[in-house]
Amino acid sequence: MAASRSPVGAGADAGPDGLPLRGMARGGGLNLVGAVCSQAALFGIMAVLANALGSGDVGRYAECYALLSLLGLLSLAGFRSALTRFVAIHLADEDPASLRGTVRFGLGLTVAGAAVLGAGLALTAPWVASLFHDPGLAAGIRLVGLTLPAATFSDAALAATQGWRTQRPFTYVGRIYEPVIRLLLTVGAIAVGLGLLGTLWALVIGAWSAAGLAGWALLRRMRQTAHANPVYRIREVTSFSIVSWVSALAATGLIWADTLLLGNLRTAQEVGVYNVATRLVMLAVFVMAPINAAFGPHIAHLHHTGQADALAHTYGSATGWIVRLSMPAFVLLVVFPGDLLRLFGHGFATGATVTAILAVGQLVSAAAGPCGTVLTMSGRVWLNMVDNVGVLVLNILLNLWLIPTHGAIGAAVAWSVSLVLANATKLLQVRYVLGVSPAGSGTAKAFAAAMPALLVALVVHRYLPGWAFSTVVGIVAVALTYLASVALLGLSTDDRTILRAVSGRHGARATGTATPGA
């Protein structure tokens, strides 16, 4: 860490005037809009599949998507975090040669790996389908192999653009365009009677078109960088990437291990119910990904330039806003789980207990904030790797123990226990290894504001007739009660800084300094 340096760009994130928060807030606000679009599209896809095809095909779609996610992380080889971190560092150091070398090396290696994996998957599709005891999955698995190179390229290219501390390409292409076009293509495929196979072709087309847009966005930024012969810091980048790769694989495995094991040990119908419950719970924490994405390049920059106080404040503000924005949804998930699942059609209300259990684990994850991002972007990626691998092993063992006798409920318990342990461990490591604690009172205020909202939700659920009517009234009542409680508890100076930045009422013009991050 170069605490004594003040490279070009450092001033954009330093100082007592809230600049790091404004940069992160603008990027986080944009990402939040993208996350709303992404989650709405994914929710729409699941709702369409559930109502048109039934729980069995929903489970098959989920298995194919889980396979794509795991192989995508495998082919990325850890370069998602590495590209963001090292591009941000090379920009701070004004080193265009290393920047160009890092981008070329990262993209070349990941796309080549994805092409090999995709071809192998297409050739072995019948054998892979047999592992799920479902020969009908073979065609879908071949389409996953066709999608993989495009999805990998998009992820790597968009991660590189984030190193410029801008969230625009990541949001517009990855969070808005790809999921929305996939939703439209999925609806079209269902409408013309193409069934499950048509929905998987929608995945292919969406991924390849998004890859073209991601490449164009990265090329624009590379053209704005000073020309220089590429310098390939292969050892430095690779050592970080390998550890980050193992860590990311373990983290993704933690997300999808339950789905894959449930599909292997139980039925596709149960996988479908579980996946719908999981998707519903993920709606509660959809704000985590956009805030973490906006936070990542800033933490790399702040740590590299030795701005510890700014790091602690941005970490605390990110954590507080994750919890604040997520809390109303957690209240609804705990009180109305069965009613919310009915939105997906008949046969899914049985996942109410699963939904409530998953919500507990995700609430703890939200309260821990972007602790894993802090470890990775500060160079402690090996700690994150050890944590993720250890918790993944625990999660698999718990799934193997609980799924045979308890099915989806056992998978939910395994996932929640794993999330609680993983986040508690990382929180302690950030505190005692890096000496950084999230500064601010946002998290405590969020929990305090949730209490009256929870009480209102319980009253509505208990006394209003009709599941649809009580659910709609409950959503409105929880939102209004929670907002009123937040207002009564008051906003801090950092909160006001973030709100002004998101609304555009106070920007870089106030200080005369250009602040990246939007």
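Everything quoted here is computed from the prediction, not taken from an experiment.

How each quantity is defined
- Residues numbered from 1 in each chain as written.
- Predicted model: local features only at pLDDT ≥ 70, side-chain atom pairs only at ≥ 80, totals over all residues.
- Heavy atoms only, no water.
- Salt bridge = Lys/Arg side-chain N within 4 Å of Asp/Glu carboxyl O.
- Helix = DSSP H or I, 4+ residues; strand = E, 2+ residues; numbered from the N terminus.
- Buried < 20%, exposed > 50% of the residue type's maximum accessible area, 1.4 Å probe, protein only.
- Expected span 1.5 Å × (residues − 1).
- Contact = heavy atoms within 4.5 Å.
- Patch = residues over 30% accessible without salt bridge, like charges linked within 9 Å, V, L, I, M, F, W, Y side chains within 5 Å.
- Areas by Shrake-Rupley, 256 points an atom, 1.4 Å probe, with all protein chains shown as cover.
- Phe/Tyr/Trp six-rings, centres within 6.5 Å; stacked < 30°, edge-to-face > 60°.
- Axes fitted to C-alpha atoms, helices over the stretch in contact; angles between N-to-C directions.
- Parallel < 35°, antiparallel > 145°, perpendicular 65-115°, else oblique.
- Left-handed = near helix turned anticlockwise from the far one by under 90°.
- Lys, Arg positive; Asp, Glu negative; His and termini not counted.
- pLDDT = per-residue confidence, 0-100.
- Core = buried A, V, L, I, M, F, W, Y, C linked by side-chain atoms within 4.5 Å.

Another aspect to go through is the pattern of salt bridges. Enumeration according to the criterion identifies 5 salt bridges in this entry. With its nearest N and O atoms 2.9 Å apart, the salt bridge here joins Asp 57 to Arg 60. Of this pair, Asp 57 and Arg 60 both sit in helix α2 (residues 55-76), 3 residues apart, which is roughly one turn of that helix. Classification of Arg 60 as partly exposed rests on a relative accessible area of 23%. Residue Arg 60 is joined to Asp 134 by a salt bridge in which the shortest nitrogen-to-oxygen separation is 2.7 Å. One end of the pair, Arg 60, is in helix α2; the other, Asp 134, is in the loop between α5 (125-131) and α6 (138-162), and 74 residues separate them in sequence. On the basis of relative accessibility, which here comes to 14%, the residue Asp 134 falls in the buried class.

Before going further, it helps to examine helix α14 (residues 352-368). A rise of 1.5 Å per residue sets the reference length of α14, with its 17 residues, at 24 Å; its end C-alpha atoms lie 25 Å apart and thus fit the reference within 8%. Of all the positions in α14, only Ala 352, Val 354, Thr 355, Leu 358, Ala 359, Gly 361, Gln 362, Ser 365, Ala 366 and Ala 368 are classed as buried. On its buried face, α14 sits against α10 (268-284), α11 (288-304), α12 (308-335), α13 (337-341), α15 (371-377) and α16 (381-432). Phi turns positive one or two residues past the end of α14, at Gly 369, with a value near 70°.

With that out of the way, let us pick up a nonpolar patch on the surface. Residues Leu 265, Val 389, Val 393, Ile 396, Leu 397 and Leu 400 make up a contiguous nonpolar surface patch of about 460 Å² in total accessible area. The dominant element in the nonpolar patch, judged by the number of residues it contributes, is α16, at 5 residues. Its place among the elements puts Leu 265 in helix α9 (residues 234-265).

Moving on to the packing of aromatic side chains. Considering all chains together, one arrives at 3 aromatic pairs under this definition. Ring geometry for Tyr 61 against Tyr 65: centres 6.4 Å apart, planes inclined by 10°, an arrangement best described as stacked. Within this pair, Tyr 61 and its partner Tyr 65 are both found in helix α2, separated by 4 residues, close to a single helical turn. Take Tyr 65: its relative accessible area is 22%, and that puts it in the partly exposed class. Seen in terms of ring centroids, Phe 79 and Phe 105 are 5.5 Å apart; in terms of plane orientation they differ by 80°. Their pairing is edge-to-face.

Moving on, we get to the packing of α12 against helix α17 (residues 442-463). A packed helix pair is summarised by two numbers, namely the angle formed by the two axes and the spacing between the axes. Two elements in contact, α12 and α17, have axes whose closest approach is 9 Å; the angle formed by their N-to-C orientations is 15°. Classified by the angle between their axes, α12 and α17 sit roughly parallel to one another. Considering how the two elements wind past one another, α12 and α17 form a crossing that is right-handed. Here Thr 319, Gly 320, Val 323, Arg 324, Met 327, Val 331 and Val 335 of α12 lie close against α17, whose contacting residues are Gly 442, Thr 443, Lys 445, Ala 446, Phe 447, Ala 450, Ala 453, Leu 454, Ala 457, Leu 458 and His 461.

This part is about the side chain of Asp 387. Within the secondary structure layout, Asp 387 lies in helix α16. No salt bridge is formed by the buried Asp 387, whose closest oppositely charged neighbour, Lys 426, lies at an N-O distance of 5.6 Å. Setting aside anything within four residues of it in sequence, one finds Asp 387 in contact with Leu 375, Thr 425, Lys 426 and Gln 429.

The next thing to look at is the environment of Gly 369. Secondary-structure assignment places Gly 369 in the loop between α14 and α15. With 50 residues separating them in the primary sequence, Gly 369 and Thr 319 have C-alpha atoms 4.3 Å apart. Apart from the residues lying within four places of it in its own chain, the contact partners of Gly 369 are Thr 319 and Ile 322.

All right, on to the confidence of the model for the chain then. Caution is warranted with low-pLDDT regions, since their predicted coordinates should not be read in detail. Mean pLDDT over the chain works out to 81, with 87% of the residues at or above the 70 mark. Within the chain, helix α8 (residues 195-223) carries the highest mean pLDDT (94), whereas helix α19 (residues 493-503) carries the lowest (62). Every residue in residues 1-19 scores below 50 in pLDDT, and together they form 45 contacts with partners more than four places removed in sequence or on other chains. The low-confidence segment residues 505-518 (pLDDT under 50) makes 40 contacts with residues lying over four places distant or belonging to another chain.

On to unusual backbone geometry, then. Backbone geometry at Glu 94 places phi at a positive 55°, although glycine is not the residue there. Residue position: Glu 94 is located in the loop between α3 (79-92) and α4 (96-123). The exposure class of Glu 94 is exposed, given its relative accessible area of 54%.

Before going further, it helps to examine the nonpolar core. In terms of nonpolar packing, the biggest core is built from 99 residues, with Tyr 61, Ile 141, Tyr 274 and Leu 333 touching the most fellow members. If you tally residues by element for this core, the top one is α12, at 13 residues. Excluding residues that lie within four positions of it along the chain, Tyr 274 makes contacts with Asp 258, Thr 259, Leu 262, Val 354, Leu 358, Ala 408, Ala 411, Ala 412 and Trp 415. By size, the runner-up hydrophobic cluster in this structure holds 28 residues, among which are Ala 82, Val 87, Val 103 and Ala 157.

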